[in-house]
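So you can see what is in the structure, the chains are spelled out below.
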Amino acid sequence: MPERMLTEPEGYRLLDSCGIPVPPHRLVASAADARAAAGEMGYPVVMKVVSPEIVHKSDVGGVIPGVEGPGEAEEAFRTIMRNSAARAPGAAVTGVIVEKQMPAGLEVLIGGKTDPSFGRVITFGLGGKLVELLEDVSIRVLPITDDEIREMIREIEGYRLISGYRGEPPKDEEALVRVIAAMARTFAENPGIREFDLNPVIVYEKGASVVDARIIVGDAAGVGTARESVGAPPDLFFPKSIAVIGASASPNKVGYSVLRNLLSFPGSLYPVNPVRSEIFGRKVYPSVTEIPGPVDWAVIAVPARFVPGVMEECGKKGVRLAIIVTAGFRETGGAGAELEERVAAIARRYGTRIIGPNCLGVMMPHMGINATFDPVSPKPGDVAFISQSGAVITTVVDWSLPEEFGFSSVISVGNQADLGFEHYLRFAEQDRMTRSITLYIEEIQDGRGFMQMAREVVGRKPVVAVKSGSSRKGRAAASSHTGSLAGSYDVYVAAFRQAGMIPVRSLRDAFNLAELLAFGGYPQGGRAIAVTSAGGFAVLASDYAETHGVEMVDLPDDVLRELDAFLPPFWNHANPLDILGDADAARFAALFDVLIRHQDFWDIAFVIAVPTTLIDPAHVANEIVRFSRNTGKMVMGCMLGGDSIRSGLRVLRTCRVPNFEELEDAFKAVGSILAIRTARAAGERPVPVRDDRCSGARE
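Predicted, not measured: the structure shown is a model, and the values here were computed from it.

Some details on the overall build of the protein chain
- If you tally the helices and strands in the protein chain, you get 22 helices and 30 strands.
- Taken along the three principal axes of its C-alpha coordinates, the protein chain extends 95 × 80 × 35 Å.
- Expressed as a percentage of the 699 residues in the protein chain, the buried residues total 58%.
- A fraction of 72% describes how many contacts in the protein chain between residues 6 or more apart in sequence connect residues 24 or more apart.
- In the form shown here, the protein chain has an accessible surface area of approximately 28500 Å², with 51% of it arising from carbon and sulfur atoms.

Here it is as structure tokens:
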């Protein structure tokens, strides 16, 4: 069915059939009929031209509100018909709709569209003329529950206008929930509706009514297709043997870099090259099929035109996973896309799974695997990093080494011809070395499958996501980079939040969060305290807490009495706790003892330490570690400064206590977590791994 917009009477009939309130109305074809219709429904009325070819009725003089009497109704009909004929010549006019003019109320909008990645999504926000000015909207991927609709309504900035503002009575929020739920259900169940815009919907103290509807119908829009299987076996990522197909002795070749990086792999390593007999002192095989033993992984680094033949050989050999680092596939356009599908079809026929093509490869630091052409290998750690950009990976890995930041795995997804983000999420969830997950995303192909998987994973391990392509040029760059056809950035962010992931805008924020969550897990609640020996940073802590939505709790009277027993009399007696510039590690320790005894009033602790002549950073860091280990709460260091505090930073990192070298970053990270999860049961909170390397911390 070709795409078209329903006329207003057709739209009202659809809404009415769903139980959505609309004004009394009638379609008329003459001035006399307009007079009769208006008289029956009662004045005032609004009259509008009805034409499938006139989208913006006001622009052609096709809308006349406030019609107050019989003569006005007749004249309004004639005026609308004249205006439409003059300003939209040739447009087929069905007639004029006469509808009861609804009383004034709060105007909101309800919209829906089909996203190429996530399918049907619904939008809510302030309506009328405010929509473009304020851009105050919330988005959800369908289907949604009534509780999710209430969250959606309450998260817009304009919610105060619904709940009651400056003496105004509250509006009927439940009536609004019913309208959104009915429209969401209709949109989700009716594939013929392409998109819709109900604007405005007027909400009253009791009830609500749609007074304008733009509904587009047509053939169902295409969306990302579901993958054949998300059940890739976990041991797929734990190879005992690896073949490098396209291994080379030339340092300027990708096959040289991949093979060199894998020389430390503790399993069986097989170079494959039809014209070489030996590389790096290892026997070279002319084909993967001639390798005598089994091959778990094949890293393919040959020109794109040879990849189908190589994949055929891998299938015959029984290779379980092919990592295709070669470019020249879907990201290059039509012929490349056809080549990619050909390779994927061969792999499906043999049951071989694919990472890539057009990817950097895979790093598994705990297993001594660097199956990439990045010359730098990261340290082992707790964070799985899954990225659609190889360049982002090489940059992050290079940054991680001096920061002593480690990874459990680093995976470059490339074009996702087979395995996609949802598969890697499942692997990271099951990987015992992974404690938090960071994603860099340009495109999700199966949005619904991804959301379902993410919902399952975030219950066990935190997931932080950076989505690129928020700008028009960024989306264009993504398309040419990895063959992406990304949907709306705002829809992605909404989907991440809906699934329980934590969306952030920068890689720095992503890894700050990943480290915090890997070391400390989710906080049990949102009540925060801050401790510092620097008054200026106490003030900044208060500012940052308010900015990022972190609740600084009041200190209970019994806690104040205990602190008064050993703190100087002129300490500030408030939270953040300023224990004064002459504080040493012993004063921090005594305060920590009080907070350990009174864990019932706080959930999150920021410990802010700055360089002074009285503080040994390593000593203070050891006390922070002891404090963290003797609480069930989220404790983080904010050791600020330069080289003079490095000894303390080493203690915290070794003992797996997160530290933020910029104070605002700490509050920003916690605020991002609390925006997704304000509380979790204690039993759900991951228990931080204790490491024997941390023998220096005093218990």
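Picking up after the structure, the text goes on.
A closer look at the side chain of Ser-412
- Tracing the chain through its elements places Ser-412 in strand β22 (residues 406-412).
- On the accessibility criterion, Ser-412 (1% relative accessible area) is buried.
- Within polar-contact distance, the side chain of Ser-412 engages the backbone nitrogen of Leu-360 at 2.8 Å.
- Non-local contacts of Ser-412, meaning those with residues more than four positions away in its chain, are made with Ile-355, Cys-359, Leu-360, Gly-361, Ser-387, Gly-390 and Ile-393.

What about the state of the cysteines?
- This structure, assessed with the given rule, holds zero disulfides.
- With no disulfide of its own, Cys-359 has Cys-314 as its nearest cysteine by sulfur position, at a separation of 14 Å.
- Under the relative-accessibility criterion, Cys-359 is labelled buried at 4%.
- In this structure Cys-638 is not part of a disulfide, and its nearest cysteine sulfur, from Cys-655, lies 17 Å away.
- On the basis of relative accessibility, which here comes to 0%, the residue Cys-638 falls in the buried class.

Regarding the nonpolar core
- Core analysis: the biggest nonpolar cluster contains 107 residues, and Ile-323, Leu-439, Phe-450 and Phe-606 have the highest contact counts within it.
- When sequence neighbours within four positions are dropped, the list of residues in contact with Phe-606 reads Ala-528, Ile-529, Ala-530, Val-531, Val-550, Met-636, Cys-638, Ala-666, Phe-667 and Val-670.
- By size, the runner-up hydrophobic cluster in this structure holds 42 residues, among which are Ile-122, Ile-144, Ala-175 and Val-201.

A look at the sheet that holds strand β24 (residues 463-467)
- Read from one edge to the other, the open sheet built from seven strands follows the order β20-β19-β22-β21-β23-β24-β25, with strand pairing classed as mixed. Every interior strand has two partners, whereas the edge strands, β20 (369-372) and β25 (502-504), have only one. Neighbour-to-neighbour, the strand axes of this sheet turn through a mean angle of 20°, independent of strand direction.
- Examined bridge by bridge, strand β21 (residues 379-387) and β22 share seven bridges and lie parallel to one another. Directly across from Phe-385, in β22, lies its bridge partner Val-410.

Here we look at the environment of Lys-253
- Among the structural elements, Lys-253 can be located in the loop between β12 (241-245) and α8 (254-261).
- On the accessibility criterion, Lys-253 (45% relative accessible area) is partly exposed.
- Sequence separation of Lys-253 and Val-302 is 49 residues, and the distance between their C-alpha atoms is 9.8 Å.

What about the environment of Val-108?
- Position of Val-108 relative to the elements: it lies in strand β6 (residues 106-115).
- Of the residues examined, Val-108 reaches a relative accessible area of 0% and is grouped as buried.
- The contacts of Val-108, once residues within four sequence positions are left out, are Phe-124, Gly-125, Leu-126, Gly-127, Leu-176, Leu-198, Asn-199, Pro-200, Val-201 and Val-203.

Some thoughts on the sheet that holds strand β17 (residues 321-324)
- Pairing is parallel across the open sheet formed by five strands, whose spatial order is β13-β12-β16-β17-β18. The open sheet is flanked by β13 (268-272) and β18 (353-355), the only strands paired with a single partner. Neighbour-to-neighbour, the strand axes of the sheet open up by a mean angle of 20°, direction not taken into account.
- Pairing of β17 with β18, which is carried by three bridges, proceeds in the parallel orientation. Bridging across to β18, Leu-321 finds its partner in Arg-353.

Points about unusual backbone geometry
- The omega torsion of the bond from Tyr-43 to Pro-44 falls at 0°, within 30 degrees of zero and hence cis.
- Turning to its location among the elements, Pro-44 is positioned in the loop between α2 (31-41) and β3 (45-50).
- The phi dihedral of Glu-404 is positive, around 55°, even though this residue is not glycine.
- Counting through the fold element by element, Glu-404 comes out in the loop between α11 (390-403) and β22.
- Judged by relative accessible area, which is 39%, Glu-404 ranks as partly exposed.
- You will see that His-573, though not glycine, has its phi angle at about 55°, which is positive.
- Mapped onto the elements of the fold, His-573 is located in the loop between α18 (557-564) and β28 (577-578).
- For His-573, a relative accessible area of 34% gives the class partly exposed.

Rules used throughout
- Residues numbered from 1 in each chain as written.
- Predicted model: local features only at pLDDT ≥ 70, side-chain atom pairs only at ≥ 80, totals over all residues.
- Heavy atoms only, no water.
- Helix = DSSP H or I, 4+ residues; strand = E, 2+ residues; numbered from the N terminus.
- Buried < 20%, exposed > 50% of the residue type's maximum accessible area, 1.4 Å probe, protein only.
- Contact = heavy atoms within 4.5 Å.
- Areas by Shrake-Rupley, 256 points an atom, 1.4 Å probe, with all protein chains shown as cover.
- Polar contact = N/O pair within 3.5 Å; in protein donor to acceptor, adjacent residues only side chain to side chain.
- Disulfide = S-S within 2.5 Å.
- Core = buried A, V, L, I, M, F, W, Y, C linked by side-chain atoms within 4.5 Å.
- Pairing = 2+ DSSP bridges.
- Axes fitted to C-alpha atoms, helices over the stretch in contact; angles between N-to-C directions.

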